[in-house]
There are 2 protein chains.
Amino acid sequence: MKAQVIKTFGDPSVFQIEEITKPTVKPGYVLIKVVATSMNPVDAYIRQGGESHAAPALPAVLHGDVAGIVEEVGEGVTDFKHGDEVYGCPGGFKGTGGGALAEYMLADQRLIAHKPKNLTMEEAAVLPLVTLTAWEALFDRGNIKKGQDVLIHAATGGVGHVAIQLAKWAGANVYTTASTEKKLTIATQLGADVGINYKQETVEEYVKKYTNGKGFDLVFDTVGGDNLDLSFEAAAINGTVVSILTYSKHDLSKMHMKGLSLHVTYMLLKIVNEDQRHRHGEMLNEITKIVEAEQLKPLIDTNVFTFDQVGEAHKFLESNKAIGKILIKNNW
Amino acid sequence: MKAQVIKTFGDPSVFQIEEITKPTVKPGYVLIKVVATSMNPVDAYIRQGGESHAAPALPAVLHGDVAGIVEEVGEGVTDFKHGDEVYGCPGGFKGTGGGALAEYMLADQRLIAHKPKNLTMEEAAVLPLVTLTAWEALFDRGNIKKGQDVLIHAATGGVGHVAIQLAKWAGANVYTTASTEKKLTIATQLGADVGINYKQETVEEYVKKYTNGKGFDLVFDTVGGDNLDLSFEAAAINGTVVSILTYSKHDLSKMHMKGLSLHVTYMLLKIVNEDQRHRHGEMLNEITKIVEAEQLKPLIDTNVFTFDQVGEAHKFLESNKAIGKILIKNNW
């Protein structure tokens, strides 16, 4: 089968189209005919040689997100059969059956679910990693509750745009930040109650304006770095901050004076450590229902790529210009 | 009435014995005839001029912990009556009715509870702040569960020694650290399953030895500073660290790679912000039951002080030589 293979870590030029052996199905696994994948920052970090604990051995086929059609099922697989349309983030990492940048992908059945009926394959392919991340952040860790004031940073980011919708679905009052009016308009169309232009208002200002100085019950930081300090500042006393990017050094005094909780969610851990992988399938089943109830939809950047253009898709991600997710369609 | 008063923040010599007006009971409050108080680090921080958000206006009577006898109750008080033996941590902070270093203390009824029948007043006086802190850390935040591997730093510290007992009561496997065999012996007598001498074993060594390299499900850091990095190191993937001292700067990469949760608990916040004060009374009622079931007992240092010797008690706390809590008895 055809695949985009990397033999060395490096810049986006490391991808090479090659003919490799089609995977053989095995017990508990499903062979998926890939229709599309999407870009997530972790795909680029792995390509660059980072995330060594999660990177597959070289040569490797990268990319986690997939939507496709079940070609064949292994022994012990009962929830899926030949012809089913599925989605998930089952591969391209250490301990998985290979990535999505190929004609076929071998996927642990615990990591996938049936695709929402009201989405195209392409739309479904951009959801898995970001919805799993947002779900774990808001529900499993952040313990989001109806009526809470929730601040979500990066309104139109991959994780941000689904987090807005899931927080709204959970009954929260959703505030979100972005740098342009265009992004904030998209965010309110997706259901955010209030869009905050962080270039025009300080944390102190918007905490005062929207929470009467109390702060937000839950802050979801999808940005990391210095923004985490702003998240601590925006949180209420005994509030909660959830971050998906905490590689930096922070003065935790602000956490102390407010008695904050900080949760770091890293969705790859369940996959690479083979610890509670079934939770991914369970969460995706919930997400399928929410999508089918028209409470969640993907935001896809107008720049769409094909499997021949994976290097360009990586370059575009790294330009930080995408609005929503970057879709990569299998044109083979 | 007689009181130890401070008119300026500073070293332990700022305490002066004075005759001040006895407080008048008011609605929702209880006037307590003070039998004893205890030392907590926060009492010393406030005396030094720190914790400005929690410090009372000067001149002030300090100290939160109290055990005493109800002298008089205000309008709307139904759970307490004249002659009741009570304990709690109701004063000496901003927004409270005055501290415990006086003959009488005016206490918000929501912040106190009936003293455990099987403890003396002196024993009860050392428990409130540390048990409220440990309870919030282990239960409200840390979500401790039966069968979990729990590591508690500072075995014979004020918070540490009650945390060991509460964690054991919750059905956890309790591991605890200290610097001497004497302290570790006390810790195992209090119920810890394993005492770890942190001067003789590295985190890597004891994580390997006791958890087979997996790490602890819950780490309770009562030490702060560099020790918080060791707590991150000792925690399992997707594990939880609870800290009561996070004034320092930390590289959060370790949190990221393990998807950790960090909760900062600061028991004064409920008091000084008048936010859910009733939780203190509720927690103390639970603690009374656990003490009466002989599952929790205080550890009191052999150096005991009187109300005439408050300055010496503060000096002794600052020497870091105490084992367990420092008791201060009302000798007036």
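Conventions we followed
- Residues numbered from 1 in each chain as written.
- Chains lettered and ligands numbered in written order.
- Predicted model: local features only at pLDDT ≥ 70, side-chain atom pairs only at ≥ 80, totals over all residues.
- Heavy atoms only, no water.
- Domains from an automatic or database assignment.
- Contact = heavy atoms within 4.5 Å.
- Buried area = accessible area lost by both parts, 1.4 Å probe.
- Helix = DSSP H or I, 4+ residues; strand = E, 2+ residues; numbered from the N terminus.
- Expected span 1.5 Å × (residues − 1).
- Buried < 20%, exposed > 50% of the residue type's maximum accessible area, 1.4 Å probe, protein only.

This part is about the domain arrangement of chain A. All names here are of chain A. Once the domains are mapped, chain A shows domain 1 (2-127 + 268-329) and domain 2 (130-264). Each of domain 1 and domain 2 has a C-alpha centre, and these two points are 27 Å apart. Taken residue by residue, the interface counts 22 residues in domain 1 and 19 residues in domain 2. Carbon and sulfur atoms supply 66% of the area that domain 1 and domain 2 bury against each other, a total of about 1,900 Å² over both sides.

Compared with an ideal rise of 1.5 Å per residue, which puts 14 residues at 20 Å, helix α3 (residues 128-141) of chain B spans 18 Å between its outermost C-alpha atoms and is within 8% of the ideal. Taken across its 14 residues, α3 of chain B has 13 buried, putting it largely inside the fold.

A few words on the side chain of H280 of chain B. All names here are of chain B. Residue placement: H280 occurs in helix α10 (residues 278-292). On the accessibility criterion, H280 (1% relative accessible area) is buried. Excluding residues within four positions of it along the chain, H280 makes contact with R110, L111, L132, M267, K270 and I271.

Residues and elements named next belong to chain B. Inspection of the secondary structure assignment puts D226 in the loop between β11 (216-221) and α7 (227-234). A relative accessible area of 66% means that D226 is categorised as exposed. Considering only alpha carbons, one finds D226 and H250, 24 residues apart in sequence, at a separation of 8.3 Å.

Turning our attention to helix α3 (residues 128-141) of chain A. Residues and elements named next belong to chain A. Counting buried residues in α3 gives 12 out of 14 residues, a clear majority hidden from the surface. Burial in α3 covers these residues: P128, L129, V130, T131, L132, T133, A134, W135, E136, A137, L138 and R141. Of the residues trailing α3, N143 is marked for its positive phi of about 55°.

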